[in-house]
Amino acid sequence: MRAQTVRSGRATLATRAEDLRELMDDPDCAPDRLRRTLERFTLVNRLIAAWGTVYRERVRPALAAAPGPARLLDIGCGGGDVLRRLVARARADGFDVSGMGIDPDDRSVAVARAANPVRGVEYRLTDSTRLADSGERFDVVVSSHVMHHLTPADLRTVLEDSGRLATRLALHSDIARSRLAYAAYAVGITPLAPGSFLRTDGLRSIRRSWTPAELAELMPDGWRVERPAPFRLIAVQDLTT
């Protein structure tokens, strides 16, 4: 699929801009700007990613069904804020849970490890295929804002890996591409963007993201697409049903 065209200086979101590259994916990008971007995701994800809703409706019931101590995996964890939040929330609800974040980018893993530690949370420099091949298993497998970085073939690989890694629930959260999401983010992110890639890459992320209908066409058997909040979508495989 070819990149979207730009007409009259404005991006068209009619089709997914798969060929558009985000600045933070460049191995030679400015390290300070990348670090600030990853660190500020803590606030950005709280504001826009609807993980509170996803936790209540999806993650917490899966943890409640675990027969003993539960394990949670975050694929492509970036700075690790989503994993830390989910583990802290689960413990506040009385669950005995530990977490692992994995990322193939050593710069992201370094930022995650430098953040305020959460007991029982670790970060590894690896990817989902290597981890699945090693025989690791987790009650819940998640990712946040990973799917739009992937080609359809790579997405299928991550979904298949998730099915091998998860025993109860696999769930991948991302943006739902729309003009309104693009316009709202362009305005709302401005105060947080200076010195980071948040604005440029966030807008490119939206252009690279799927619509729910597009994503549904790529889902393997046993997976479905849901809308937990405006501008959001999740790919879900519930292994307990």
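Here the structure is a predicted model, which means the values were calculated and not measured. (Residues numbered from 1 in each chain as written. Predicted model: local features only at pLDDT ≥ 70, side-chain atom pairs only at ≥ 80, totals over all residues. Heavy atoms only, no water.)

A.B. asks: Sorry if this is basic, but what is going on with the sheet that holds strand β9 (residues 232–238) here?
C.D. replies: As a general point, the strands of a sheet are linked pairwise by backbone hydrogen bonds and lie either parallel or antiparallel. With mixed pairing, seven strands are arranged side by side in an open sheet as β5-β4-β3-β6-β7-β9-β8. Edge positions in the sheet fall to β5 (121–125) and β8 (224–226), since each has one partner strand and no second. For this sheet, the mean inter-axis angle between neighbouring strands, taken without regard to orientation, is 20 degrees. Bridge count for β8 against β9 is three bridges, and the pairing is antiparallel. When the sheet's bridge partners are listed, arginine 224 is paired in β9 with valine 236. Lying over the sheet, helix α4 (residues 106–114) contacts β4 (97–103) and β5, oriented at roughly 160 degrees with respect to β5. (Pairing = 2+ DSSP bridges. Helix = DSSP H or I, 4+ residues; strand = E, 2+ residues; numbered from the N terminus. Axes fitted to C-alpha atoms, helices over the stretch in contact; angles between N-to-C directions. Contact = heavy atoms within 4.5 Å.)

A.B. asks: Looking at this structure, how should I read a nonpolar patch on the surface?
C.D. replies: There is a patch of nonpolar side chains on the surface, built from Leu43, Leu47 and Ile48 and spanning about 270 Å² of accessible area. Within the secondary structure, isoleucine 48 sits in helix α1 (residues 31–48). Assessed through its relative accessible area of 35%, isoleucine 48 is described here as partly exposed. (Patch = residues over 30% accessible without salt bridge, like charges linked within 9 Å, V, L, I, M, F, W, Y side chains within 5 Å. Areas by Shrake-Rupley, 256 points an atom, 1.4 Å probe, with all protein chains shown as cover. Salt bridge = Lys/Arg side-chain N within 4 Å of Asp/Glu carboxyl O. Buried < 20%, exposed > 50% of the residue type's maximum accessible area, 1.4 Å probe, protein only.)

A.B. asks: What is the right way to look at the environment of serine 134 in this model?
C.D. replies: Looking at where serine 134 falls in the secondary structure, it is placed in the loop between α5 (128–133) and β6 (138–144). The spacing of serine 134 and methionine 219 is 85 residues in sequence and 25 Å in space, taken between C-alpha atoms. Within the structure, the side chain of serine 134 is placed 2.6 Å from the backbone oxygen of leucine 131, a separation counted as a polar contact. (Polar contact = N/O pair within 3.5 Å; in protein donor to acceptor, adjacent residues only side chain to side chain.)

A.B. asks: Sorry if this is basic, but what is going on with the packing of aromatic side chains here?
C.D. replies: Here the distance between the centres and the angle between the planes together describe a pair of aromatic rings. This structure, assessed with the given rule, holds zero aromatic pairs. Positioned above the aromatic ring of tryptophan 210 is the side chain of arginine 16, whose terminal nitrogen or guanidinium carbon lies 3.7 Å from the ring centre. (Phe/Tyr/Trp six-rings, centres within 6.5 Å; stacked < 30°, edge-to-face > 60°. Lys NZ or Arg CZ within 6 Å of the ring centre and 35° of its normal.)

A.B. asks: I keep staring at the pattern of salt bridges and nothing clicks. Help me out?
C.D. replies: Close approach of charged atoms allows side chains with opposite charge to pair. Scanning the model with the defined rule gives 16 salt bridges in all. Across the pair arginine 35 and glutamate 39 runs a salt bridge, and its minimum N-O distance is 3.2 Å. Residue arginine 35 and its partner glutamate 39 are both found in helix α1; the two are separated by four residues, about one turn of the helix. On the basis of relative accessible area, arginine 35 is assigned to the partly exposed category, the value being 32%. The closest approach of N and O atoms between aspartate 105 and arginine 107, which form a salt bridge, is 2.7 Å. Taken together, the salt bridges that share partners define one network made up of Arg58, Arg224, Glu226 and Asp238.

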